[in-house]
Amino acid sequence: MKTPRFATTPLLAALLALTLAAPARADDDFDSDVQPAAAAAAGGAAAASDPRYVWDLSTLFKDDAAWEAERQALLAEAPKLAALREGFGRDAASLRAALDRLSAVSQRLRRLWTYASALASTDNRSARHQERNGQARAAWGQIGSATAWVDGALRALGPERIEAFLRAEPGLERHRVRLQEVQRLARHQLTPEAETALATLAPTMGATTQIRTLLVTTDIEWPTITVDGQPVKVDNIGYQRLRAHPDRAVRQQAFDAFFKTHARFQGSLGAALAQRVELGVANARLRQHPSAVAASLAGDAIPESVYRTLVAETNKALPTLHRYFKLRQRLLKLPDLAYHDVYPDIVTPPRRYTPQDAAELTLASVAPLGAAYQKQLREALAARTMHVYPAPGKSSGAYQSGVYGQVPLIFLNHQDTFDSVSTYTHEWGHGMHTLQANGAQPFETAGYPLFLAEIAAFTHELLLADHMQKTAKTREERIFYLGEAIERIRGAFFRQAMFAEFELATHDAVQRGEALSGTRMTRQFCELLRKYHGADAGVMRIDPVVCTEWAYIPHFHRPFYVYQYATSMAAATHFTQQLLTGSPQARDTYLGILRSGGSRHPVPLLKDAGLDMDSPRPYQALARHMERLMDELEALLPANPA
Ligand SMILES: [Zn+2]
């Protein structure tokens, strides 16, 4: 029943990130491939057409014809943007004029893309939606090609001239971050010829990721098992449903069927991932980065030590995780614990939650952020920018998609569960981050780095968890909400840190000149699963069959990304604790981070806000918080466990 959340940026946008503000679309699943949802939930089908739960995209474009007219107008801009190269940076005023123009087009392009991709995700079966989405991507590509020269031209101006221009022309201030970032990253750029060669090859470099997606979503024939007399196909969707099944034998059967199938394909799935890892290592070498992880973090100026500190401190905190597993075993009343016992609910959920409930709980829980924040959220919730219920052909998961100057779009698959309420508040955490940043920053620096994005979303989740624990009416309810809060830390912190450690191990191995294969990755993943789940200490049994789980995680094809869930959960824990003291200063500090958008590098920004992500402290504090939640939970249980 878990539908964790994950941020995604299209590959194309990632490739063009240095040229145009990339459409960072926060969120879908932590660990599943995006695919059309299996079926509408009970009640959802009827409600799917209720106008209160379907977004109104007419604030983006009046209708499809208006969208098409804008697309044509943008395509007509491409040659004009290419022509800006002539005399670019001649003086401060002309530089400003050119950058303003590029910004304006980037903003329009983003709006064009947001409309198309939002529509496509509501019904993947529609050929018109797919075509429009393709057209938006193509427009992005054309404008990207027409402006690919810009960063090189900015670098060529050199830091001294750039600084002189910034002093001479106040209108350049809004472009300061971009101008300085181009200079900062200049030493990792290759010659124009080499960059052109790499850009030409770029489309082929994503092929292994595409091969993996096709294998798992289309080519592999997933097995069918019988559950309650009914056949159930154990593909991604079936597996995610069955792994939380209350019957242990069903769970075990589902895990065996699912991961044995991965094992049969571990050669090709391993080759695809190995190539992705090798690509990262080669890229780091070409661009003079000390390692693949350093290359990946350079974009947001995050020190490699932040990543390695996270991994090291998570290892030290594993006794806390093991305590949770023992508690889980006790609550599930099992004689022992296995990997297939991680997902079922530890107690029965107390109730169902409509989207209206989710809205009210979210509004009440953000009270520590102040009345103005609450008011802004209330108005945003009423703006009809949400697509709430599952529907045939709709993508799975959830995301937030922002357009500058407007209430962001929020895409959900609400199932009336508490997990859906968490997703609801999570996405509105992103939404409020967008609104706060837009309110304080010009378009150029409103887009926040992904290292900060999940902090806002998790802070919303943690405030909700606190609100639910404080307002729970019965002992059972309190146990449920405490259990949910602890499980969330497992999924968003420990599990993601384990993935981060796997990514580090695979890349380090290739950097040492060792060869990767599916078999080797299975062995490496097995060691990590055993360590994180306390197999040697008798905490949990890790059956060898589950060690191919690495092949199920699509995000390994986006290296050094998921660690940000773990760092963000630690940071959000810190800020939530500060906010819950009711200190106005803590509130201003937190809102200051949201409002900074993308105007500063995230690690020094957080350090100035009292949180050093390069030190063990945030991770130690998170472990202490989890221990406290477990103390509270244990205090609610009968004194002598059977
Ligand atoms: Zn998120």
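Residues numbered from 1 in each chain as written. Predicted model: local features only at pLDDT ≥ 70, side-chain atom pairs only at ≥ 80, totals over all residues.

1. Side note on the overall build of the chain
At step 1: A tally of regular secondary structure across the chain gives 26 helices and 7 strands.
At step 2: Taking 2.2 N^0.38 as the reference for a compact globule, 642 residues should give roughly 26 Å; the C-alpha atoms of the chain span a radius of gyration of 24 Å, in line with that estimate.
At step 3: Sorting the 642 residues of the chain into buried and exposed places 44% on the buried side.
At step 4: Expressed as a percentage of contacts within the chain between residues at least 6 apart in sequence, the contacts between residues at least 24 apart total 76%. (Helix = DSSP H or I, 4+ residues; strand = E, 2+ residues; numbered from the N terminus. Rg over C-alpha atoms; globule rule 2.2 N^0.38 Å. Buried ≥ 20, exposed ≤ 12 C-beta atoms within 10 Å, placed from the backbone. Contact = placed C-beta atoms within 7 Å.)

2. Regarding the confidence of the model for the chain
At step 1: Looking at the chain as a whole, its pLDDT mean stands at 91, while 92% of the residues score no less than 70.
At step 2: Predicted confidence for residues 1-28 stays below pLDDT 50, and this span has 87 contacts to residues more than four positions away or in other chains.
At step 3: Confidence drops under a pLDDT of 50 for residues 31-46, and excluding neighbours within four residues, the segment shows 36 contacts in the predicted structure. (pLDDT = per-residue confidence, 0-100.)

3. What about the environment of Arg541?
At step 1: Relative to the helices and strands, Arg541 resides in the loop between helix H22 (518-532) and helix H23 (563-579).
At step 2: On the basis of neighbour count, Arg541 is assigned to the partly exposed category, with 15 C-beta atoms found within 10 Å.
At step 3: Residues Arg541 and Ile143, 398 residues apart in the sequence, show an inter-C-alpha distance of 53 Å.
At step 4: If we skip the residues at most four places from it in the chain, Arg541 touches Asp336, Leu337, Ala338 and Ala535.

4. Regarding the pairing of strand E3 (residues 224-227)
At step 1: Bridge count between E3 and strand E4 (residues 230-233): 4 bridges; the pairing is antiparallel. In the sheet register, Ile225 faces E4, and the bridge partner there is Val232.
At step 2: Between E3 and E4, which pair antiparallel in sequence order, lie 2 residues; one of them, Asp228, sits at a positive phi of approximately 50°. (Pairing = 2+ DSSP bridges.)

5. A short note on the packing of helix H9 (residues 207-219) against helix H12 (residues 266-286)
Angle between the axes and distance between the axes are the two parameters that describe a pair of packed helices.
At step 1: Closest axis-to-axis distance for the H9/H12 pair is 9 Å, and the angle between their directions is 155°. Between H9 and H12, the interaxial angle falls into the category roughly antiparallel. Judged by the sense of rotation from one axis to the other, the crossing of H9 with H12 is left-handed. On the side of H9, the interface is formed by Thr208, Thr209, Ile211, Arg212 and Leu215, while H12 contributes Ser268, Leu269, Ala272, Gln275 and Arg276.
At step 2: Taken together, the residues that form the contact of H9 with H12 break down as 4 nonpolar, 4 polar and 2 charged. (Axes fitted to C-alpha atoms, helices over the stretch in contact; angles between N-to-C directions. Parallel < 35°, antiparallel > 145°, perpendicular 65-115°, else oblique. Left-handed = near helix turned anticlockwise from the far one by under 90°. Nonpolar A, V, L, I, M, F, W, Y, C, P; charged D, E, K, R; others polar.)

6. Notes on the nonpolar core
At step 1: Among the nonpolar cores identified, the biggest contains 152 residues, and Leu112, Phe493, Ala500, Ala566 and Met569 are the most heavily contacted of them.
At step 2: Ranked by residue count, the leading element in this core is helix H21 (residues 475-511), at 15 residues.
At step 3: Apart from residues no more than four positions distant in its own chain, Met569 is found in contact with Phe458, Ile489, Ala492, Phe493 and Leu622. (Core = buried A, V, L, I, M, F, W, Y, C linked by C-beta atoms within 7 Å.)

7. Quick look at unusual backbone geometry
At step 1: One non-glycine residue with positive phi stands out, namely Asp228, at about 50°.
At step 2: Looking at the element boundaries, Asp228 is found in the loop between E3 and E4.
At step 3: Phi angles above zero are rare outside glycine, and Lys333 is one such case at about 55°.
At step 4: Taking the number of C-beta atoms within 10 Å as the measure of exposure, Lys333 has 8 and is therefore exposed.

8. Let's talk about helix H6 (residues 150-168)
At step 1: Taking 1.5 Å per residue as the helical rise, H6 with its 19 residues ought to reach 27 Å, whereas the 21 Å between its terminal C-alpha atoms falls clearly short.
At step 2: Of all bends in H6, the biggest is about 95°, found at Gly158, and the proline Pro159 comes one to four residues later.
At step 3: Residues of H6 that are buried include every one of Val150, Leu154, Ile162 and Phe165, and no others.
At step 4: At its buried positions, H6 is contacted by helix H4 (92-122) and helix H7 (176-184). (Expected span 1.5 Å × (residues − 1). Bend = angle between axes of the 7 residues up to and from the residue.)

9. Quick notes on the packing of helix H15 (residues 318-332) against helix H26 (residues 617-635)
At step 1: The contact between H15 and H26 brings their axes to 10 Å, and the two run at 25°. Accordingly, the angle class assigned to the pair H15 and H26 is roughly parallel. Once H15 is placed against H26, the crossing between them reads as left-handed. Residues Thr320, Arg323, Tyr324 and Leu327 of H15 form the contact with H26, whose participating residues are Ala623, Met626, Glu627, Met630, Leu633 and Glu634.
At step 2: Among the residues forming the contact of H15 with H26, the class breakdown is 6 nonpolar, 1 polar and 3 charged.

10. So, H15
At step 1: With 15 residues, H15 extends 21 Å between its outermost C-alpha atoms, agreeing within 8% with the 21 Å of an ideal straight helix rising 1.5 Å per residue.
At step 2: Of the surrounding elements, those touching the buried residues of H15 are H21, H22 and H26.
At step 3: Backbone geometry just downstream of H15 places Lys333 in the positive-phi region, at approximately 55°.

11. Here's the deal with the environment of Asn438
At step 1: By the secondary structure assignment, Asn438 is in helix H18 (residues 418-440).
At step 2: Judged by the 21 C-beta atoms lying within 10 Å of it, Asn438 falls in the buried class.
At step 3: Sequence separation between Asn438 and Gln252 is 186 residues, and the spatial gap between their C-alpha atoms is 48 Å.
At step 4: Every residue in contact with Asn438, bar those within four places of it in the chain, is listed here: Tyr404, Gly405 and Ala446.

12. Points about the environment of Leu409
At step 1: One can find Leu409 in strand E7 (residues 409-411).
At step 2: Each C-alpha atom, one on Leu409 and one on Leu112, is 14 Å from the other, the two residues being 297 residues apart in sequence.

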